[in-house]
Amino acid sequence: MGIFWELLQQDEIEKQQKQADSIEDRVELLEEELKSTKELLKKTLVALETHLSKDIDGDGKTG
């Protein structure tokens, strides 16, 4: 029975490792998407402030 228990435990460890790897990949992808979204938001804000000649984000300058 001991060898079967060890095989079951090893299988569970491998499943957990695959899940962890998958989560790490997902987090990395989400971080990249967040970075891209922030860059786009900044560009949009600059364009909007320039167009309206108004400080929208409160940084003391337009554009």
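You'll find the structure just up there.
Residue indices begin from 1 for each chain and proceed along its sequence in written order. Reporting in this predicted model follows two pLDDT cut-offs: at least 70 for local features of residues, and 80 or more for side-chain atom pairs to be given and counted; totals over whole chains, interfaces and linings ignore these cut-offs and use all residues. Water and hydrogen atoms were dropped before computing side-chain values, which therefore reflect all heavy atoms in the structure.

The helix count covers DSSP runs of H or I at least four residues long, the strand count covers runs of E at least two residues long, and both are numbered beginning at the N terminus. Scanning the protein chain from terminus to terminus reveals one helix and zero strands. Based on C-alpha atoms, the radius of gyration is set beside the globule rule, defined as 2.2 Å times the residue count to the power 0.38. Taken over the C-alpha trace, the protein chain has a radius of gyration of 24 Å; the compact-globule value for 63 residues is 11 Å, which it surpasses by more than 25%. Along the first, second and third principal axes, the C-alpha set of the protein chain runs to 75 × 15 × 10 Å. In the protein chain, which comprises 63 residues, the proportion classed as buried is 3%. Positive charges come from Lys and Arg alone, negative charges from Asp and Glu alone, with His and the N- and C-terminal ends not counted. Charged side chains are reduced to one point each, which is NZ for Lys, CZ for Arg, CG for Asp and CD for Glu. When the 9 positive and 16 negative side-chain charges of the protein chain are each reduced to one mean point, those points stand 9 Å apart. Remark: exposure states derive from per-residue accessible area (1.4 Å probe, protein chains only) relative to the maximum for the residue type, with buried under 20%, exposed over 50%, and partly exposed in between.

Turning next to a negative patch on the surface. A contiguous patch of negative charge on the surface is contributed by D21, E24, D25, E28, E31, E32 and E39. Position of E32 relative to the elements: it lies in helix α1 (residues 2-52). Classification of E32 by relative accessible area gives partly exposed; the value is 47%. Residues enter patches when they are more than 30% accessible in relative terms and free of salt bridges; like-charged ones are connected within 9 Å and nonpolar ones (Val, Leu, Ile, Met, Phe, Trp, Tyr) within 5 Å. Per-residue and other accessible areas were derived by the Shrake-Rupley procedure at a 1.4 Å probe size, with only the shown protein chains allowed to occlude residues. The salt bridge criterion pairs a side-chain nitrogen of Lys or Arg with a carboxyl oxygen of Asp or Glu, the two atoms within 4 Å.

Take S36: it is sitting in helix α1. What makes S36 partly exposed here is its relative accessible area of 44%.

Coordinates in, geometry out; function isn't part of it.
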